[in-house]
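Residue strings, one per chain:
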Amino acid sequence: MGRSGEQPVRALADEGRAAASAPPAPPSGALADVVAFRAALDTADFTTASVRTALEADNVLESKAHEIAVHERRLAAAAPALAALIRLFAIDVPVAVDDVDRALPGIGADGLERLGLAAEEDGMIRGSVHLVPHDELLIASDRAGIGGPDHVAGVHYPSATLSNLTIRRPVGSALDVATGCGIQAIQAAQHCGRVVGTDVNERALAFAEFNAVLNGVDNVEFRSGNFFEPAGDERFDLVVCNPPYVISPESTLVFRDSGLPGDTVSAELVAALPSYLEDGGFGTIMISWIAGEDTTLRPRAWLDGRGCDAWILHSATDAPLRTAAAWTAAAGTEPEGYTERLDAWLEYYARLGI
């Protein structure tokens, strides 16, 4: 598991804002420390099933602020070690130092700080990352609402959808484009001989590397660069891609905004993907496009002459207001600026004739 490649070609936007709200550094540490941390989590039964049971939740990928009071009351019935870990890493509630030490014997609060996973705050320990189980994996990412343009998102609905749609068969090689926290690459590593993950966001690559080590994965190479560029002229048996496909007027968040007009980023990546597939290979990509009377006309046109078969799985068509509201709210927009940004998104869509 390594990392190589050129410097990012897509600059992070709004550097002043990023500096003012810079998130904690991504986690890192010696292999032995990370392995010991994972063993301690396993001993505390920090698993998908246990977390869901403790929170009485169908979905533990994300927790909203207003749910914390409910979660806290449900955790009163959970095992103390598990409850402390859920507070630290899943619902962002500070935990007493002694409780952390008991939950993670041999690691403790000091070990979490060395790994960059937590920090002391007003005499309590607060998680510096969002760390939650997904199936058999543990995936770290930035906490919600923390950070600037290079915020690293966790496993959310689009990434879970991409994972569920990916063809899972034993193959020799896989490419994960826009790897983010690394979830797709790490899952592919379970059934592929080697995996390459690419991202323009250096913080995302750091999280992905940590997550690979945390999950005992050593057959993934992470490369820095824009979309397919780090793959050069290589071909793969499997390609997955969850790019910044949102049709957005901003260049505020690397994981959401491509900086390209309209649905250009989806068009370019769909057209490029077949060139990176071996004969008989499969590629799965999440996209968004400007719909017309013929809903799938645009993505079909992007594939003309590309020499591949394709399934287009159309999940929803949203009105401009719904899309603008959902994505500006998801970005943690400041309440005082929300109305102005919402109007800016709607004006952008109007200019595009959407």
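Conventions adopted
- Residues numbered from 1 in each chain as written.
- Predicted model: local features only at pLDDT ≥ 70, side-chain atom pairs only at ≥ 80, totals over all residues.
- Heavy atoms only, no water.
- Helix = DSSP H or I, 4+ residues; strand = E, 2+ residues; numbered from the N terminus.
- Rg over C-alpha atoms; globule rule 2.2 N^0.38 Å.
- Contact = heavy atoms within 4.5 Å.
- Areas by Shrake-Rupley, 256 points an atom, 1.4 Å probe, with all protein chains shown as cover.
- Lys, Arg positive; Asp, Glu negative; His and termini not counted.
- Charge placed at Lys NZ, Arg CZ, Asp CG, Glu CD.
- Pairing = 2+ DSSP bridges.
- Axes fitted to C-alpha atoms, helices over the stretch in contact; angles between N-to-C directions.
- Phe/Tyr/Trp six-rings, centres within 6.5 Å; stacked < 30°, edge-to-face > 60°.
- Buried < 20%, exposed > 50% of the residue type's maximum accessible area, 1.4 Å probe, protein only.
- pLDDT = per-residue confidence, 0-100.
- Core = buried A, V, L, I, M, F, W, Y, C linked by side-chain atoms within 4.5 Å.
- Patch = residues over 30% accessible without salt bridge, like charges linked within 9 Å, V, L, I, M, F, W, Y side chains within 5 Å.
- Salt bridge = Lys/Arg side-chain N within 4 Å of Asp/Glu carboxyl O.
- Disulfide = S-S within 2.5 Å.
- Polar contact = N/O pair within 3.5 Å; in protein donor to acceptor, adjacent residues only side chain to side chain.

A tally of helices and strands in the protein chain yields 14 helices and eleven strands. Relative to its length of 354 residues, the protein chain is compact, with a C-alpha radius of gyration of 21 Å against a globular reference of 20 Å. Referenced to the eigenvectors of the C-alpha coordinate spread, the extents of the protein chain come out at roughly 60 × 50 × 35 Å. Residue pairs at least 24 apart in sequence account for 68% of intrachain contacts in the protein chain once pairs closer than 6 positions are excluded. Counting only carbon and sulfur atoms, one obtains 52% of the accessible surface of the protein chain, whose full area is about 16500 Å². Positive and negative charge centroids in the protein chain, built from 26 and 50 side chains respectively, lie 3 Å apart.

Overall, antiparallel pairing links the three strands, which are arranged β2-β4-β3 in an open sheet. The two strands at the open ends of the sheet, each matched to only one other strand, are β2 (95-96) and β3 (118-121). Both β3 and strand β4 (residues 124-127) contribute to a ladder of four bridges, which runs antiparallel. Residue Glu121 lies in a different strand from β4, and its bridge partner there is Met124. Packing of helix α7 (residues 108-115) onto the sheet brings it into contact with β3 and β4, and relative to β3 it is tilted by some 120°.

Another aspect to go through is the packing of aromatic side chains. Throughout the structure, instances matching the rule amount to five aromatic pairs. With a centroid separation of 6.4 Å and an interplanar angle of 90°, the aromatic rings of Tyr245 and Trp327 are classed as edge-to-face. Of this pair, Tyr245 sits in the loop between β10 (236-241) and α11 (264-272) while Trp327 sits in helix α13 (residues 320-330); the two residues are 82 residues apart in sequence, bridging distant segments of the chain. A residue is classified by how much of its surface remains accessible, and Tyr245, at 12% relative accessible area, is buried. Centre to centre, the rings of Tyr348 and Tyr349 are 6.1 Å apart; their planes meet at 50°, and the pair counts as tilted.

This part takes up the confidence of the model for the protein chain. In this model, the protein chain carries an average pLDDT of 90, and 90% of its residues clear a pLDDT of 70 or more. Considering only residues more than four positions removed or in separate chains, one finds that residues 1-20, a stretch of pLDDT under 50, has 50 contacts.

With that settled, the discussion passes to the environment of Ala83. Turning to its location among the elements, Ala83 is positioned in helix α5 (residues 80-89). When its relative accessible area of 3% is taken as the criterion, Ala83 is described as buried. Sequence separation between Ala83 and Leu55 is 28 residues, and the spatial gap between their C-alpha atoms is 9.6 Å.

Core analysis: the largest hydrophobic core is formed by 75 residues, its most contacted members being Phe37, Phe46, Ile86, Phe89, Leu104, Leu112 and Leu131. Beyond its immediate stretch of four places on either side in the chain, Leu131 contacts Phe37, Leu41, Phe46, Phe89, Ala90, Leu138, Ile139, Ala140 and Leu214. Membership of the second largest hydrophobic core comes to 14 residues, among which are Val177, Val196, Ala231 and Val239.

Position of Ser163 relative to the elements: it lies in helix α8 (residues 157-165). Excluding its chain neighbours within four sequence positions, the residues that come into contact with Ser163 are Arg168, Gln184 and Gln187.

Glancing now at a negative patch on the surface. Together, Asp98, Asp101, Asp110, Glu113, Glu120 and Asp122 give the surface a local cluster of negative charge. Of all the elements in the fold, those that place two or more residues in the negative patch are α6 (97-103) and α7.

A disulfide bridge is the covalent bond that connects two cysteines by way of their sulfur atoms. Summed over all chains, the structure comprises zero disulfides. Here Cys308 stays free of any disulfide, with the sulfur of Cys241 as its closest cysteine sulfur at 14 Å.

Bringing the side chain of Asn201 into the picture now. Mapped onto the elements, Asn201 comes out in the loop between β8 (192-199) and α10 (202-214). The exposure class of Asn201 is buried, given its relative accessible area of 4%. A distance of 3.0 Å separates a polar side-chain atom of Asn201 from the backbone oxygen of Asp150. Once you skip the residues sitting within four places of it in the chain, Asn201 turns out to touch Asp150, His151, Val152 and Val254.

Tallied over the entire structure, the rule returns 17 salt bridges. Between Arg126 and Glu121 there is a salt bridge, with its nearest N and O atoms 2.8 Å apart. The salt bridge involving Arg194 is made with Glu234; its shortest N-O contact spans 3.1 Å. With a gap of 40 residues between them, Arg194 in strand β8 and Glu234 in the loop between β9 (220-224) and β10 connect regions that are remote in the sequence. Overall, the relative accessible area of 36% leaves Arg194 in the partly exposed class. Residue Glu234 is classed as partly exposed on the basis of its relative accessible area of 21%. A single network of salt bridges, built from pairs that share partners, joins Asp92, Glu121, Arg126 and Arg143.

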